[in-house]
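Coordinate analysis (summary)
The chain contents come next:
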Amino acid sequence: MAWVLLIVAGLLEVGWSIGMKYTDGFTRPLPSVLTGAGIVASMVLLSYAARSLPIGTAYGVWVGIGAAGAAILGMAVLGEPMTAARIFFICLLLVSVVGLKATSGH
C-alpha cells in the first residue's frame with residue numbers, strides 16, 4: 001500500500017509543479033488554491049508512505065516521478081524544448097526510480 005501512496009504522491013507532485021505555471025505567481029485564485037492543495041496532499045501521502053519505506057527511497061522516488069513527469073508534461077503541454085539530451089536524462093531519472101524501488105527491500 002505504501003508504494004501506491006507514493007506513486008499517487010508523485011503524480012500529485014507532477015500536478016502541482018505544472019500548476020505553478022498557471023498560478024501567475026500565486027495571483028490567480030483558483031490555480032493557486034488547486035496548486036496549494038496538490039502540494040499538501042502530495043506531502044501528506046509522501047509522509048504516510050515514508051512510515052514503512054526507507055525515507056531515502058521514498059523521497060527519491062517521489063522526486064523522480066515529479067521531476068520526470070513535470071519535464072515530460074512541460075515538453076508535451078507547455079511547449080518546452082524536446083531534445084535528445086532531455087529525453088536521455090529523463091530516462092536516467094526513471095531508471096534511478098526503478099533502481100531505488102528494486103533495492104529498497106520492500
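Throughout, residues of each chain are indexed from 1 in the direction in which the sequence is written. Per-residue local features are limited, in this predicted model, to residues with pLDDT of at least 70; the limit for side-chain atom pairs, both in listing and counting, is 80 or more; totals at the level of whole chains, interfaces and linings are taken over all residues. To obtain the side-chain values, all non-hydrogen atoms of the structure were included, while hydrogens and water were left out.

Observations regarding the nonpolar core
Note the following rule: We call a set of buried Ala, Val, Leu, Ile, Met, Phe, Trp, Tyr and Cys residues a nonpolar core when their side-chain atoms join them within 4.5 Å. For every residue, the accessible area obtained with a 1.4 Å probe (protein chains only) is divided by the maximum for its type, and the residue is called buried under 20%, exposed over 50%, and partly exposed between those limits. Strands are runs of DSSP state E lasting at least 2 residues, helices are runs of H or I lasting at least 4, and numbering of each runs from the N terminus. Two residues form a contact once any of their heavy atoms are found within 4.5 Å.
Within the largest apolar cluster, 14 residues are counted, with the highest numbers of intra-cluster contacts made by L6, L46, L53 and V61. Within the residue set of this core, elements represented by two or more residues are α1 (2-23), α2 (29-49) and α3 (55-76). The biggest single contributor to this core is α1, with 5 residues. If we ignore the near neighbours within four places in the chain, the residues touching L46 are L6, A9, A58, Y59 and W62.

A closer look at the pattern of salt bridges
Note the cut-off: What counts as a salt bridge is simple: a side-chain nitrogen of Lys or Arg found within 4 Å of a carboxyl oxygen of Asp or Glu.
Under the counting rule described, the total for this entry stands at 1 salt bridge. The shortest N-O distance in the salt bridge between E80 and R86 comes to 3.6 Å. Of the residues examined, E80 reaches a relative accessible area of 29% and is grouped as partly exposed.

A word on α1
For clarity, the threshold we go by: By this rule the span expected of a helix is its residue count minus one, scaled by 1.5 Å.
For α1, with 22 residues, the first-to-last C-alpha span of 31 Å sits near the 32 Å given by 1.5 Å per residue. Buried within α1 we find A2, W3, L6, A9, G10, E13, V14, W16, I18, G19 and T23. The inward-facing, buried residues of α1 abut α2, α3 and α4 (84-102). D24 occupies a position one or two residues after α1 and carries a positive phi of about 55 degrees.

A word on unusual backbone geometry
Although it is not a glycine, D24 adopts a positive phi angle of roughly 55 degrees. Among the structural elements, D24 can be located in the loop between α1 and α2. The residue F26 is not glycine, and still its phi comes out positive at about 60 degrees.

Focus on the packing of aromatic side chains
Convention followed: Here the aromatic set is Phe, Tyr and Trp, taking the six-membered ring for Trp, and pairing holds for ring centres within 6.5 Å; pairs whose planes are under 30 degrees apart are stacked, those over 60 apart are edge-to-face, and all others are tilted. Throughout this description, the term charge over a ring refers to an Arg CZ or Lys NZ atom that lies within 6 Å of the ring centre and within 35 degrees of the ring normal.
Summed over the entire model, instances satisfying the criterion amount to 2 aromatic pairs. Between Y59 and W62 the ring centres are 5.6 Å apart and the planes differ by 40 degrees, which places this aromatic pair in the tilted class. You can see Y59 and its partner W62 sitting in helix α3, 3 residues apart, about one turn around the helix. Assessed through its relative accessible area of 45%, Y59 is described here as partly exposed. With a centroid separation of 5.1 Å and 70 degrees between ring planes, the pair formed by F88 and F89 is classed as edge-to-face. You can call F88 partly exposed: its relative accessible area is 47%. The aromatic ring of W3 is capped on one face by K101, whose charged end is 4.7 Å from the ring centroid.

Notes on the side chain of S42
This is how the line gets drawn: Polar contacts here mean pairs of N or O atoms no more than 3.5 Å apart (in protein, one a potential hydrogen donor and the other a potential acceptor; neighbouring residues in sequence count only if both atoms are side-chain atoms).
The residue S42 is located in helix α2 in this model. Within the structure, S42 has its side chain in polar contact with the backbone oxygen of A9 (distance 2.8 Å).

What to know about the packing of α2 against α3
The following threshold applies: The axes used here are C-alpha line fits, helices contributing only the stretch in contact, and every angle between their N-to-C directions lies in the interval 0 to 180 degrees. Any angle that is under 35 degrees is reported as roughly parallel, and any over 145 degrees as roughly antiparallel; angles of 65 to 115 degrees are reported as roughly perpendicular and all others as oblique. Left-handed describes a crossing in which the near helix is turned anticlockwise from the far one by less than a right angle; the clockwise case is right-handed. Classification convention: Asp, Glu, Lys, Arg as charged; Ala, Val, Leu, Ile, Met, Phe, Trp, Tyr, Cys, Pro as nonpolar; all other residues, Gly among them, as polar.
Between α2 and α3, the shortest axis-to-axis distance is 10 Å and the interhelical angle comes to 150 degrees. Here α3 runs roughly antiparallel to α2, going by the angle between their axes. Crossing geometry of α2 relative to α3 is assigned as right-handed. Residues S42, M43 and L46 of α2 pack against A58, Y59 and W62 of α3. In terms of residue class, the contact of α2 with α3 is made up of 5 nonpolar, 1 polar and no charged.

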